[in-house]
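Close look at the chain arrangement
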Amino acid sequence: MKEIEVIIDTEEIAEFFYNELTKRGYVPGEEELGELADITFDYLLNKCIIDEDLDFDE
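Read on for an overview of the structure.

What counts as what
All residue numbers here refer to positions counted from 1 along the written sequence of the relevant chain. With the structure being a predicted model, the display of local features is reserved for residues of pLDDT at least 70 and the display and counting of side-chain atom pairs for 80 or more, all residues being used for whole-chain, interface and lining totals. Excluding hydrogens and water, the side-chain values take into account all heavy atoms of the structure. Under the DSSP-based scheme used, a helix requires at least four consecutive residues in state H or I and a strand at least two consecutive residues in state E, with every element numbered from the N terminus. A 3.5 Å cut-off defines polar contacts: any pair of N or O atoms within that distance qualifies, except that in protein one atom must be a possible hydrogen donor and the other a possible acceptor, and neighbouring residues in sequence count only when both atoms are side-chain atoms. By convention, a stacked pair of Phe, Tyr or Trp rings (six-membered ring in the case of Trp) has centres within 6.5 Å and planes under 30 degrees apart, an edge-to-face pair has planes over 60 apart, and any other such pair is tilted. Only protein chains enter the accessibility calculation, which uses a 1.4 Å probe; a residue is then buried when its area is under 20% of its type maximum, exposed when over 50%, and partly exposed in between. Each patch groups residues whose relative accessible area exceeds 30% and which form no salt bridge, using 9 Å between like charges and 5 Å between nonpolar side chains of Val, Leu, Ile, Met, Phe, Trp and Tyr. Where accessible areas are quoted, they stem from the Shrake-Rupley method and a 1.4 Å probe; at the residue level, only the protein chains shown are allowed to cover. Think of a salt bridge as a Lys or Arg side-chain nitrogen and an Asp or Glu carboxyl oxygen that are within 4 Å of each other. By the counting scheme adopted, Arg and Lys are positive, Glu and Asp are negative, and His together with the chain ends is not counted. Think of each charge as sitting on NZ of Lys, CZ of Arg, CG of Asp or CD of Glu.

Turning our attention to the side chain of Glu 20. Along the chain, the position of Glu 20 falls in helix H1 (residues 10-23). Looking at Glu 20, its side chain comes within polar contact range of the side chain of Arg 24, at 2.9 Å.

Structure representation (structure tokens):
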């Protein structure tokens, strides 16, 4: 199987949740969005969908 590099940005996840929740009539706060983004990131790590890369030298 081919390996691909995917970058997961929790700020992008938070924005996605904000847009989707407001479409459904919810208005989440910034703190809640940050928590949802962190939980989503942790879920992806836990399911081995992504690996956390702590090397930020770009």
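Attention now moves to the packing of aromatic side chains. With the rule as written, the count across this model stands at 1 aromatic pair. Measuring from ring centre to ring centre gives 6.3 Å for Phe 16 and Phe 17, while their planes differ by 70°; the resulting arrangement is edge-to-face.

Moving on: unusual backbone geometry. Non-glycine residue Cys 48 carries a positive phi angle of around 60°. Relative to the helices and strands, Cys 48 is located in the segment after helix H2 (30-46). Residue classification places Cys 48 among the exposed positions, given a relative accessible area of 64%.

What follows concerns a negative patch on the surface. Residues Glu 3, Glu 5, Glu 31, Glu 32, Glu 35, Asp 38, Asp 42, Asp 51, Glu 52, Asp 53 and Asp 55 make up a contiguous surface patch of negative charge. Counting through the fold element by element, Asp 38 comes out in helix H2. By relative accessible area, which is 38% here, Asp 38 ends up partly exposed.

What follows is about the pattern of salt bridges. Oppositely charged side chains are able to pair whenever their charged atoms sit close together. Overall, the coordinates contain 2 salt bridges when judged by the stated rule. Where Glu 20 meets Lys 23, a salt bridge forms, and the shortest distance between an N and an O atom there is 3.2 Å. Taken together, the residues span about one helical turn, with Glu 20 and Lys 23 both in helix H1 at a distance of 3 residues. Look at Lys 23 and you get exposed, because its relative accessible area is 64%.

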